[in-house]
Amino acid sequence: MVRVGAHTSIAGGVYNAVEEQVEYSGNCGQIFSHSPQVWQDPNIDDDEAEQFRDLTADHGVGPWVIHSSYLVNLCTPKDDLREKSLDSMQKEVDAAAKLGIEYVNVHLGAHTGAGVDGGLDNAASVLDDLDIPEGVTVLVESDAGSGTKLGGQFEHLATVRERTDQDIEFCLDTAHMFAAGYDLSTPEAVDETLAEFDEVVGFDDLACVHLNDSKHECGTNKDEHAHIGEGHIGEDGMRAFVNHDAIRDVPLVLETPTEDGRSFAWNIERVKELRSE
Ligand SMILES: [Zn+2]
Ligand SMILES: [Zn+2]
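This structure is a prediction, so every number in the text was calculated from the model and none was measured. (Residues numbered from 1 in each chain as written. Chains lettered and ligands numbered in written order. Predicted model: local features only at pLDDT ≥ 70, side-chain atom pairs only at ≥ 80, totals over all residues. Heavy atoms only, no water.)

A. The sheet that holds strand β5 (residues 137-141), seen in detail. Sheet architecture is closed into a barrel: eight strands sit in the order β1-β2-β3-β4-β5-β6-β7-β10, paired in parallel fashion. Each strand axis lies, on average, 30 degrees off the axis of its neighbour in the sheet, ignoring direction. Strand direction decides the pairing type here: strand β3 (residues 64-67) and strand β4 (residues 103-107), joined by three bridges, are parallel. Each residue of the ladder has a partner; that of V65, found in β4, is Y103. (Pairing = 2+ DSSP bridges. Helix = DSSP H or I, 4+ residues; strand = E, 2+ residues; numbered from the N terminus. Axes fitted to C-alpha atoms, helices over the stretch in contact; angles between N-to-C directions.)

B. Representation of a negative patch on the surface. Among the surface-exposed residues, E155, E188, D191, E192, E196, D198, E199 and D204 lie close enough to one another that they form a single negatively charged patch. Among the elements that line the negative patch, the one with the most residues is helix α7 (residues 187-200), at six residues. (Patch = residues over 30% accessible without salt bridge, like charges linked within 9 Å, V, L, I, M, F, W, Y side chains within 5 Å. Areas by Shrake-Rupley, 256 points an atom, 1.4 Å probe, with all protein chains shown as cover. Salt bridge = Lys/Arg side-chain N within 4 Å of Asp/Glu carboxyl O. Lys, Arg positive; Asp, Glu negative; His and termini not counted. Charge placed at Lys NZ, Arg CZ, Asp CG, Glu CD.)

C. Geometry of the UniProt feature "binding site: Zn(2+) 1" (unreviewed entry) in the chain. This chain's UniProt record puts "binding site: Zn(2+) 1" (unreviewed entry) on H67, H107 and E141. Across 75 residues, the annotated set stays spatially compact, with a maximum C-alpha separation of 9.7 Å. For H67, the location among the structural elements is in strand β3. Setting aside residues up to four positions removed in sequence, H67 forms contacts with H7, Q30, I31, F32, E92, N105, H107, E141, H210 and E255. Reaching out from H67, the side chain makes a polar contact with the side chain of N105 at a distance of 3.4 Å. One can find E141 in strand β5. (UniProt positions renumbered as here; feature names shortened; annotations may be inferred. Contact = heavy atoms within 4.5 Å. Polar contact = N/O pair within 3.5 Å; in protein donor to acceptor, adjacent residues only side chain to side chain.)

D. Just the environment of N43, in detail. Relative to the elements of secondary structure, N43 occurs in the loop between β2 (29-31) and α2 (46-59). Classification of N43 as exposed rests on a relative accessible area of 70%. In this structure the C-alpha to C-alpha distance between N43 and V14, which are 29 residues apart in sequence, comes to 9.6 Å. Leaving out residues up to four positions away in the same chain, N43 has contacts with S33 and E48. (Buried < 20%, exposed > 50% of the residue type's maximum accessible area, 1.4 Å probe, protein only.)

E. The arrangement of the coordination of the zinc ion (ligand 1) in detail. Looking at the zinc ion (ligand 1), the protein donor atoms are H67 (NE2), H107 (NE2) and E141 (OE), and they sit 2.1 to 2.2 Å from it. Within one chain, the residues donating to the zinc ion (ligand 1) are spaced in sequence as H-x39-H-x33-E. In this structure the zinc ion (ligand 2) is found 3.3 Å away from the zinc ion (ligand 1), and E141 serves as a bridging donor for the pair. Within this pair, whereas H67 is found in strand β3, its partner H107 is found in strand β4, the two being separated by 40 residues in sequence. We note that H67, like H107, is buried. (Donors = N, O, S within 2.8 Å, 3.2 Å for Na, K, Ca; no water.)

F. The side chain of T76, seen in detail. When you line up the elements, T76 lands in the loop between β3 and α3 (79-99). The buried category is assigned to T76, whose relative accessible area is 3%. Looking at T76, its side chain comes within polar contact range of the main-chain nitrogen of K78, at 3.0 Å.

G. A look at the coordination of the zinc ion (ligand 2). Taken together, E141 (OE), D173 (OD), H210 (ND1) and E255 (OE) make up the full set of protein donors to the zinc ion (ligand 2), lying 2.1 to 2.3 Å away. Coordination of the zinc ion (ligand 2) draws on donor residues from a single chain, spaced E-x31-D-x36-H-x44-E in sequence. On the accessibility criterion, H210 (0% relative accessible area) is buried.

H. Here's a closer look at the packing of aromatic side chains. Per the counting criterion, the structure on display carries six aromatic pairs. For the ring pair F52 and W64, a centre distance of 5.3 Å and an interplane angle of 50 degrees mean the geometry is tilted. With F52 in helix α2 and W64 in strand β3, this residue pair connects regions lying 12 residues apart in the sequence. Within the aromatic cluster, the residues linked to one another by ring pairs are F154, Y182, F197 and F203. The ring of W266 carries R262 above its face, with NZ or CZ at 4.4 Å from the centroid. (Phe/Tyr/Trp six-rings, centres within 6.5 Å; stacked < 30°, edge-to-face > 60°. Lys NZ or Arg CZ within 6 Å of the ring centre and 35° of its normal.)

Shown next, in the form of C-alpha cells:
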C-alpha cells in the first residue's frame, strides 16, 4: 500500500494533526511543532504527546516528520544565527523523541557569503553539535536553490553527509528539485533525474519525499507548490515518479496548496489514482 499523507496542523493540540490526517485518508505525514516563521519552542505537554502517540498507533499512521522552522540556517557564517539554529534544532529532535516521531526535516539554509564549501562545512558542524535522541533521524531536504541557499544540487547533500559525523538521511522535494533544474516532467526525465540522485547520493538514504507539483518551470529556482499533476511537472511526470521502482516504498508527504476548491484530500486521492495506474 502506498504511504501518502499531508502536512497537517497541530492547532488546538498536536494530536489534531492525526485526526486531520485520517480525514484526508492519509497514512503518513508531517507537522510543524510550533509556528515555523518565528523563533519559538515546541510546547507539547506529556498528555498531549501521549494522545498523539496513541492516535497515531490506533490509526496506523506513519512515519511522521517534524519540519523544522524556516528561520533555521545551518549554513550561516553568523555566530548568533548558528546558535539559534542549533538550539531550535535540538528542541525539534527532542520534541520528535517525545512524540515518537522518527524524522526531523531541515533545509540547509543560505551560506550568505561563506561560499558553497564554507556553507556546507557550517551545516556539518551544526549537525555534529546536535544531541540526537535514539530513534530520531535528521533529514536534510533538497532545496529550490535560490540566492545562496544550498541543497539545490544533489552534490550538496552528499557533501554534508560526508562531512558530518551524524547519520543523516534525506528528503527529496519534487517541486524543489524541479525548480533547481532537475527535470521530472516526462518519464525519461524522471528516470534520468533519479539515476543521477542514485549515483550522487544513493537511494539507501532517501527516507521521505515531499511530493509537490510546481507552479514554475524547471530551473527557475522558484519554490511555489501546485496540485499534483496540475503544475509544470504535470501528470505524466508525476505518474512516472510515484511508480518508479526506487520511490514505491518511500513515504510521500504532500505540501500542496489548498486552493481552487482542492484540498489535501483531493491531492492524496490523485496520488493513489496515479499509483494504481
Ligand atoms: Zn521544506
Ligand atoms: Zn518540502
